[in-house]
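A closer look at the structure
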Amino acid sequence: VTLVSPENNGTLCGDQTLVWSAVSSAESYRIQVAGDSSFNSLWVDRDWKYTSLSMLVSGGPFYWRVRANYAGGVPGPWSEVRYFYGPGGSAGRECP
């Protein structure tokens, strides 16, 4: 899985959507969003059929990764880890 948007160290503004690339033969995707780079403080940990997930966040940073799930529940490798910020909050950033 390749993470598409937001770019690493980016800011989620507007529709606040995480986007990743489709993987052929994937039945679903596992997405994790956490408040730490070790993914011990998970905000999102779910299987998802689509290649995007909308969120409402402020502050940050938030770390995210995605992996494909194949037939029989076989998981693929995790994507790279990226982090992003939402608008506002003590660590948030301003949106245009």
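Data block above holds the structure.
A brief structural summary.

Quick notes on the rules
Residues numbered from 1 in each chain as written. Predicted model: local features only at pLDDT ≥ 70, side-chain atom pairs only at ≥ 80, totals over all residues. Heavy atoms only, no water. Helix = DSSP H or I, 4+ residues; strand = E, 2+ residues; numbered from the N terminus. Rg over C-alpha atoms; globule rule 2.2 N^0.38 Å. Buried < 20%, exposed > 50% of the residue type's maximum accessible area, 1.4 Å probe, protein only. Contact = heavy atoms within 4.5 Å. Areas by Shrake-Rupley, 256 points an atom, 1.4 Å probe, with all protein chains shown as cover. Lys, Arg positive; Asp, Glu negative; His and termini not counted. Charge placed at Lys NZ, Arg CZ, Asp CG, Glu CD. Phe/Tyr/Trp six-rings, centres within 6.5 Å; stacked < 30°, edge-to-face > 60°.

Moving on to the overall build of the protein. Of regular secondary structure, the protein possesses zero helices and nine strands. Listed N to C, the secondary structure of the protein is β-β-β-β-β-β-β-β-β in terms of helices and strands. A compact globule built from 96 residues would reach a C-alpha radius of gyration of about 12 Å, and the protein, at 13 Å, matches this within 12%. Across its three principal axes, the protein shows a C-alpha extent of roughly 45 × 25 × 20 Å. Residues classed as buried in the protein amount to 35% of the 96 residues present. The long-range fraction of contacts in the protein, counting pairs at least 24 apart against all pairs at least 6 apart in sequence, stands at 59%. Of the roughly 5,200 Å² that the protein leaves accessible, carbon and sulfur atoms contribute 48%. Looking at charge distribution, the protein has the averaged site of its 7 positive side-chain charges lying 5 Å from that of its 8 negative ones.

The next thing to look at is the packing of aromatic side chains. This structure, assessed with the given rule, holds six aromatic pairs. Ring centres 5.7 Å apart and planes at 75 degrees place the aromatic pair Trp 48 and Tyr 50 in the edge-to-face group. Pairing Tyr 83 with Tyr 85 gives two aromatic rings, centres 6.2 Å apart and planes at 75 degrees, and the pair type is edge-to-face. Residue classification places Tyr 85 among the buried residues on the basis of a relative accessible area of 14%.

Function cannot be read off these values alone, since they describe shape.
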